[in-house]
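Residue strings, one per chain:
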Amino acid sequence: MRQTKIIASISDSRCEVDFIRSLYNAGMNVARINTAHITTESGKKLIDNIREVSEKIAILIDTKGPEIRTKNVLQEITVKQGEMIDVSGQFENSDQKNLSVSYTGFVADLPIGAQILIDDGDIELIVSEKTPTKLICTVGNDGTIKNNKSINVPSVSIQLPSISEKDKKFILFAIENDLDFIAHSFVRNKKDIEAVQEILDEHNSEIKIIAKIENLDGVTNIDEILKEAYGIMVARGDLGIELPAEKIPTIQRQLIRKSVKYKKPVIIATQMLHSMIEHPRPTRAEVSDVANAIFSRTDAIMLSGETAYGKYPEEAVKTFDRIAKEVEPSKQKRNDITIPLVQQETPVYLADLAIKAANELKPKAIVTSTTTGRTSRYLAAFRPDVPIIAMCHSMRTVREMALSYGVEPTFLEVKKNKFKIEKAAIDSLIADGLITEDDLIIYIGGRFGKDCGATFIEISTAGKLT
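In short, a report on the structure. Computed from a predicted model, the values in this text were never measured in an experiment.

Time to look at the overall build of the chain. A tally of regular secondary structure across the chain gives 16 helices and 22 strands. At 24 Å, the chain has a C-alpha radius of gyration in line with the 23 Å of a compact globule built from 466 residues. Overall, the C-alpha framework of the chain stretches about 80 × 45 × 45 Å when taken along its three principal axes. Each of the 466 residues in the chain was classed as buried or not, and the buried ones make up 56%. Counting contacts in the chain only where the partners sit at least 6 residues apart, residues at least 24 apart contribute 68% of the total. For the chain, the accessible surface area stands at approximately 20200 Å², while carbon and sulfur atoms represent 47% of it. Computing the positive centroid from 61 side-chain charges and the negative centroid from 66, the chain places the two 4 Å apart.

This part covers the packing of aromatic side chains. Within the structure shown, the criterion is met by three aromatic pairs. Look at F181 and Y230: their rings are 5.7 Å apart centre to centre, the planes differ by 45°, and that puts the pair in the tilted class. With F181 in strand β13 (residues 181-184) and Y230 in the loop between α7 (222-228) and β15 (231-235), the pair connects residues that are 49 residues apart, well separated along the chain. Look at Y230 and you get buried, because its relative accessible area is 9%. Ring centres of Y443 and F456 lie 6.1 Å apart, and the angle between their planes is 40°; on these two criteria the pair is classed as tilted. Of this pair, Y443 sits in strand β21 (residues 440-447) while F456 sits in strand β22 (residues 453-461), placing them 13 residues apart in sequence. Across the pair, F456 and Y443 agree in class, each one buried. Positioned over the ring face of Y378 is K263, at 5.7 Å from the centre of the ring.

In this section: the packing of helix α1 (residues 17-26) against helix α2 (residues 40-53). Their axes nearest at 9 Å, the elements α1 and α2 cross at an angle of 55°. By the criterion of interaxial angle, the relationship of α1 to α2 is oblique. Judged by the twist between their axes, the crossing of α1 over α2 is right-handed. For the pair formed by α1 and α2, the contact residues are V17, I20, R21 and Y24 on the first element and L46, N49, I50, E52 and V53 on the second.

Before going further, it helps to spend a moment on the sheet that holds strand β16 (residues 266-269). Taken in spatial order, the eight strands of this closed barrel run β1-β2-β3-β13-β14-β15-β16-β17, and their pairing is parallel. Here the average twist between neighbouring strands, direction ignored, is 25°. Note: strand β3 (residues 58-62) against β13, three bridges, orientation parallel. Within β13, the residue paired with I61 across the bridge is I182. In this fold helix α12 (residues 313-327) packs onto β1 (5-9) and β17 (300-303), with an angle of close to 160° to the strand it touches most, β17.

Right, let's get into empty space enclosed by the protein. One pass over the structure, following the stated rule, counts three cavities of 30 Å³ or more. Estimates place the volume of the second largest cavity at around 60 Å³. Lining the second largest cavity, in full, are S259, V260, K263, K264, P265, D299, R377, A380, A381, R383 and S404. Listing elements by their share of the lining of the second largest cavity, those giving two or more residues are α9 (248-261) and α14 (374-381). Element by element, the count of residues in the lining of the second largest cavity is highest for α14, at three residues.

This part covers the pattern of salt bridges. Where charged atoms of side chains with opposite charge meet at close range, the side chains can pair. As enumerated under the stated definition, the model contains 21 salt bridges in all. Across the salt bridge formed by D180 and R399, the nearest N and O atoms sit 2.8 Å from each other. Taken together, the residues D180 in the loop between α4 (165-176) and β13 and R399 in helix α15 (residues 395-400) connect sequence positions 219 residues apart. Here R399 falls in the buried class, since its relative accessible area comes to 11%. Via salt bridges that share partners, R2, D321 and K325 belong to a single interconnected network.

Each value, and the rule that gives it
- Every chain's residues receive numbers from 1 upward, in the order its sequence appears when written.
- Reporting in this predicted model follows two pLDDT cut-offs: at least 70 for local features of residues, and 80 or more for side-chain atom pairs to be given and counted; totals over whole chains, interfaces and linings ignore these cut-offs and use all residues.
- As a rule here, side-chain values come from all non-hydrogen atoms in the structure, and water together with hydrogens is ignored.
- Helix and strand assignments come from DSSP, with helices taken as H or I runs of at least 4 residues and strands as E runs of at least 2, each series counted from the N terminus.
- Every radius of gyration here is taken over C-alpha atoms, with the globule rule written as 2.2 Å times N^0.38, N being the number of residues.
- Whether a residue is buried, partly exposed or exposed follows from its accessible area with a 1.4 Å probe, protein chains only, as a fraction of its type maximum: under 20%, in between, or over 50%, in that order.
- Here, residues are in contact when the closest pair of their heavy atoms is within 4.5 Å.
- To measure how exposed things are, a 1.4 Å probe is used in the Shrake-Rupley method; for residues, cover is taken only from the protein chains shown.
- In this count, Lys and Arg are taken as positive residues and Asp and Glu as negative ones, while His and the chain termini are left out.
- Taken as the charge centre is NZ of Lys, CZ of Arg, CG of Asp or CD of Glu, depending on the residue.
- Centres within 6.5 Å are what make two rings of Phe, Tyr or Trp a pair, Trp counting through its six-membered ring; a difference in plane orientation under 30 degrees is then read as stacked, over 60 as edge-to-face, and the rest as tilted.
- Our definition puts a charge over a ring when NZ of Lys or CZ of Arg is within 6 Å of the ring centre and also within 35 degrees of the ring normal.
- Working convention: axes come from line fits to C-alpha atoms, limited for helices to the stretch in contact. Angles between N-to-C directions cover 0 to 180 degrees.
- Any angle that is under 35 degrees is reported as roughly parallel, and any over 145 degrees as roughly antiparallel; angles of 65 to 115 degrees are reported as roughly perpendicular and all others as oblique.
- Helix crossings fall into two classes, left-handed where the near helix is turned counterclockwise from the far one by less than a right angle and right-handed where it is turned clockwise.
- Strand pairing is defined by DSSP finding a minimum of two bridges between the two strands.
- In the cavity and pocket records, a cavity denotes points on a 1 Å grid over the protein atoms alone where a 1.4 Å probe fits but cannot get out, a pocket denotes an open set with protein on both sides within 12 Å along at least 5 of 7 lines, and lining residues are residues with an atom within 4 Å of a point.
- Grid points are joined across faces, edges and corners, and a volume is the space filled by probe spheres set on the points.
- A carboxyl oxygen of Asp or Glu within 4 Å of a side-chain nitrogen of Lys or Arg is what we treat as a salt bridge.

Laid out in structure tokens, this is it:
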């Protein structure tokens, strides 16, 4: 089976049940919804259609986070290199001499010499002087400034609130519709995660937070972010604007390694098969990019425009699937990431023992019964060569496992006795044809409940465990 998970973005303009089913059949594990392009009404239709295809498809929804955009550009502004233009969050409208931005504290946060990048870096402005009310900027290159375009300020910490009013609306929308993941944009530190978690806690929501890392603050503060978030997404679009492009491959690898050590899922995103928006086949460079993310041990890879509005969405998912299946068997053990064994955390020790045994004995699968998915995530962190079959006691946990490397989740009703759970799990897998009675398996079990976890490990043929 393919071990690397696939996320596909779906827009409300193309979300028919048959279309979503085609992506699912091609290999999609998680459906991503971008709130920048939907309303709550169109989002509800999208969610309903995803769930009609399969209750195993996890749904991830983005927030926009603390972003800045050009504002009130009533007519496009043509600028030439060397010209001067004033920038402020206090201007009412934008014109040839003044550019209004959506953040009122913009002037206070930026120093002289700061670089302002507009529309994914198409236009560069350099702050030459500043007054209390405006930034006096020099235009770095010819171009056209349009309304509502993104603004990035590399290496400058912006003091925007973590959650906008629109974000709050969609977080509540996610809670109301019992979604699985919220990917919060432009996370800078743990406080940004805590702000989202506070809203979730107020509504007793079990939605998990994925921190999108797309600026220098997020990279610098990755340890505290990983301690608070369920996982991270390396969002290379804005990250490649905020930081020099040549630094991104190294940062991507470092962020993957950090995530694996913290035993948290990590997603690599943005322009992975970008040419397939228009063309039926990827470039060789794109194939190598996807392969390198898999070699580096990412949990998941993500498609954006390729499936949201591209011409070849199903083929893009199939391409991901083919690359992963080709690359995964050729990974070298010497590149595995050492997982720290946390003191007094029994499931981590058992996961470590199970992986070491699997490397020597080559079982058919590692099987575990899980309430929260914790033991499965620990196993996934070791990136084993054999499948991890997670017998989950809730459908929410089944969907959460859609982001964990090498985990094949399936639903199993709760049994009060831990040995009855084990027997039911093995019987179910034999009945479904996933294993036979003669197959060697490693089983990790324990006491039922969120505060318990794995407490024992068994190695035997399946027939002897039923």
